[in-house]
Structures are given as structure tokens and as C-alpha cells.
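# Survey of secondary and tertiary structure
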Amino acid sequence: MTDTSSSSSSRSAPLFIGAAVACIFGFGYTLSLIFYQTPLAAGPLYFNQKIFYYHVPCAFMLFLAVIVCGIASIKYLRGREQRWDDVSVAAAEISVVFGTIVMVTGVLWAKPAWGKWWVWDARLTSALLLWMTMIAYQLVRKYGGAGAERLASGLGVFAMVNIPLVYSSTRLWKTNHPSANTVPSLDPSMRAALWFSVLLFTVFFILLLRLRINARRDERRLYECREMALDAGIFE
Amino acid sequence: MTLRVFPIFALVLLALSAAPTTVSAQVKGPAPYASEMRDQCIAEMEKDARILAACEESHSSKYQVQDAARAVKDKQFVVAAYAAIWAVLAIFVVIMWLRQRKLSVEITRLQGELKKAAAE
């Protein structure tokens, strides 16, 4: 039986505190940076451009989460080691969270910028496909029954393969979405705010990933305890 | 000596202070200068009064008001987006924390029951 004296909840407590502090600090400082220290964008975007400082880092985190999920899925499919499945599940769940944020902020940016909530261009459609693949991963895990983890791992690999397509869609096709070349042309203070935001979200992503992996391990430990309880005749 | 110099000094000061007012009263807009483009513009404006009207209108406060209104409207979308981001992240962290706590409680309870069963 697995020893739970060093329960992962107590191990993850400092991580929870770290995540909360990063969240509060990030929220306060990036708001000041974005709304008071960076200049207004010239041209038609004007104030609306300020969504960019969170939208882009969250899109990076979506990509990062899907890449982590994809690599862990490959490792799991090759060696069937539970620890890689834990990483894959944790990253997939976080990718759905960041995917939701990217979709919501994108839609809220599109309305004032393009006058429409949504357009079916290559970037938006491929990003939507990526997000829906990760939602499908969750559904397969939850309702897939026996062997669902292998099927879900396959989905994780498929989602990872989709990332280069999402990233380069603005170059491959004619899209309304601003291209990746926008960043080098930005004002230095705008670039600094963007990269600070990316750094902050990366730290936050790592904390979330660690916490979710710990929770996943506890879920497995609980399953083991239940099995032992059944064997001992405690449960009918 | 001082009494003689004072009126002259006062006159010079008066002339200096009045000079820019006199110049600005005579010339509207930027100071005249020789330019082919400027002459062309003046000629075009004289030909068609609507060009002059359009130029004058582009300086009107109407556009400033429009820009300000747009900035305020854009701000609402930006604030909504930021609120949505932190709401989604906060909900995720809270759900994760609640799930973790429930798991820990369940593991402790099961372990206790297992120990009790083993002792019996």
C-alpha cells in the first residue's frame, strides 16, 4: 500500500500559495504595465490592442500545454508508465483552460476590431479545432471506458501535430488575424510588457501542472485504497 | 538718467509684447512659405470650396468625440476580456483545490478503515 503520510495535499500547499501569489502579483503588476505604462497602439486598433498582452501569452500556454500533453502521451504509449499518463492528463486539462481563455479574449477582440464576433479564417478555425481536440480528450478520458487512456493519448499526439499548422496559418493562408511578425515591430515598452506577461503565465502554468499532477497521483492512490478495502471486505 | 531711460525701456517692452499678437492677427494658420505644393493646394481650394470645407471639418471636435467614444467602447471589451481571464483561472484553481481536499479526506478515511480492519 502506498504511504500517504506525506500526502500530496501537504506537499502541494506551498505550490498553491505560490500560484496564488503569482496570480495576485501578476494581476496587479501587469494591469499597471498594460493600462498605464504601455502606449496606445497607433491605427485602427487603438485601445483594443491591449487585449494582446494576455491573449498572446495564453495562446503560448495553450501550445505549451498541448506539446507537454503530446510528448507525455507518446511516452505513455511507448512504455505504459502511469507517471506519463498523469502528466498527459494534467497538461490536457490545463490546455482546455488556456484554450477557453484564448477563445473568449479572441472573440472579445474581434468584435471591436472587425465588427464581428467570429470569422471562419484559417487561424481561428485551426485554433478552434485544437481547443475542441483537447475537449474531446477530456470526454474520452471521462466516458471512454476501458482503454480510454490509449485513445486519449492518440488524441493528445494528434493535437500536438496540429500546433505548427495553427502557428503558421497566418503565413500559409490569407487571414484576418494579425501575423506573428507583429511582435518584433512593437514599441520596446509594449514588447517588454508582452514578454513579462509570457514569463508570468509560464510560471503559473508550471505551478498548475505540478498541482494537477499531484492531484492525479492522489486519485490513483485513492483507487488503490478502494481496491485494498474491497479485498479486505470493508466494502461489499 | 533713470527717468529718461524708463519711457524708452517701457516702449521697447510694449512693442515686443505686441509684436506676436499683431503677426498672429494678420496670418491664419502656419506662417507663409514658398512651396509648389502649397500653391497647388491653395489653387485647388479656390477651384472647389468643398475641399476647403472638408479640410476644415477634419479639424472639428466631432472626430475627437467619435475617437473618445470608440476608446471608451473598446475599453469595455478589454476590461471584459481581462475579467474573463482571471475568472476562468480563479475557477480552475478553486475547483482543483476543492478536488484535492476531497481526495485527501477520502484517502485518510479509507486508510483509517483499512487499519481498523487489519487490527480486527
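Residues numbered from 1 in each chain as written. Chains lettered and ligands numbered in written order. Predicted model: local features only at pLDDT ≥ 70, side-chain atom pairs only at ≥ 80, totals over all residues. Heavy atoms only, no water.

### Observations concerning the overall build of chain A
The following threshold applies: The helix count covers DSSP runs of H or I at least four residues long, the strand count covers runs of E at least two residues long, and both are numbered beginning at the N terminus. Buried, partly exposed and exposed residues are distinguished by accessible area as a fraction of the type maximum, computed with a 1.4 Å probe on protein chains only: under 20%, between the cut-offs, and over 50%, respectively. Computed with the Shrake-Rupley method and a 1.4 Å probe, the accessible areas treat only the protein chains shown as cover for residues. Only four residue types enter the charge count, namely Lys and Arg as positive and Asp and Glu as negative; His and the chain termini do not. Where a charge lies is defined by one atom per residue type, namely NZ (Lys), CZ (Arg), CG (Asp) and CD (Glu).
Across its full length, chain A carries 6 helices and 0 strands. Secondary structure elements of chain A, listed N to C terminal, follow the sequence α-α-α-α-α-α. Counting only C-alpha atoms and orienting by the principal axes, one finds that chain A spans roughly 70 × 35 × 30 Å. Burial analysis of chain A (236 residues in total) assigns 47% to the buried set. For chain A, the exposed surface amounts to about 11,500 Å²; the carbon and sulfur share of it is 66%. Averaging the coordinates of the 22 positive side-chain charges in chain A and doing the same for the 14 negative ones gives two points 12 Å apart.

### Quick word on the confidence of the model for chain A
Which entries qualify depends on this criterion: pLDDT expresses, on a scale from 0 to 100, how confident the predictor is about each individual residue. Residues count as neighbours in contact if any of their non-hydrogen atoms are within 4.5 Å of one another.
Here chain A shows a mean pLDDT of 85. Residues at 70 or above account for 90%. Confidence over residues 1–6 of chain A falls short of pLDDT 50; this stretch has 12 contacts with residues more than four positions distant or in other chains.

### Some remarks on a nonpolar patch on the surface
Condition: Patches draw on residues past 30% relative accessible area with no salt bridge. Two like charges within 9 Å are joined, as are two nonpolar side chains (Val, Leu, Ile, Met, Phe, Trp, Tyr) within 5 Å. Just to be clear on terms, a salt bridge is a Lys or Arg side-chain nitrogen sitting within 4 Å of an Asp or Glu carboxyl oxygen.
Together, Ile17(A), Val21(A), Phe25(A) and Tyr29(A) make up an exposed nonpolar region whose accessible area comes to about 410 Å². Topologically, Val21(A) is positioned in helix H1 (residues 8–37).

### Points about the interface of chain A and chain B
What counts here: Accessible surface is computed with a 1.4 Å probe, and the buried area is the amount of it that two parts give up when combined, taken over both parts together. A 3.5 Å cut-off defines polar contacts: any pair of N or O atoms within that distance qualifies, except that in protein one atom must be a possible hydrogen donor and the other a possible acceptor, and neighbouring residues in sequence count only when both atoms are side-chain atoms. All amino acids are sorted into three groups, where Ala, Val, Leu, Ile, Met, Phe, Trp, Tyr, Cys and Pro are nonpolar, Asp, Glu, Lys and Arg are charged, and the leftover types, Gly among them, are polar.
Across the boundary between the two partners, chain A contributes 51 residues, which contact 30 residues of chain B. Taken over both partners, the interface formed by chain A and chain B buries close to 3,700 Å², and the fraction arising from carbon and sulfur atoms is 80%. Where Glu106(B) meets Arg226(A), a salt bridge forms, and the shortest distance between an N and an O atom there is 3.5 Å. Linking chain A to chain B there are 3 residue pairs in polar contact (both at pLDDT 80 or more). Looking at the side of chain A that touches chain B, the elements that each hand over two or more residues are H1, helix H2 (52–79), helix H3 (82–114) and helix H6 (188–231) of chain A. The class makeup of the residues in the side of chain A that touches chain B is 34 nonpolar, 9 polar and 8 charged.

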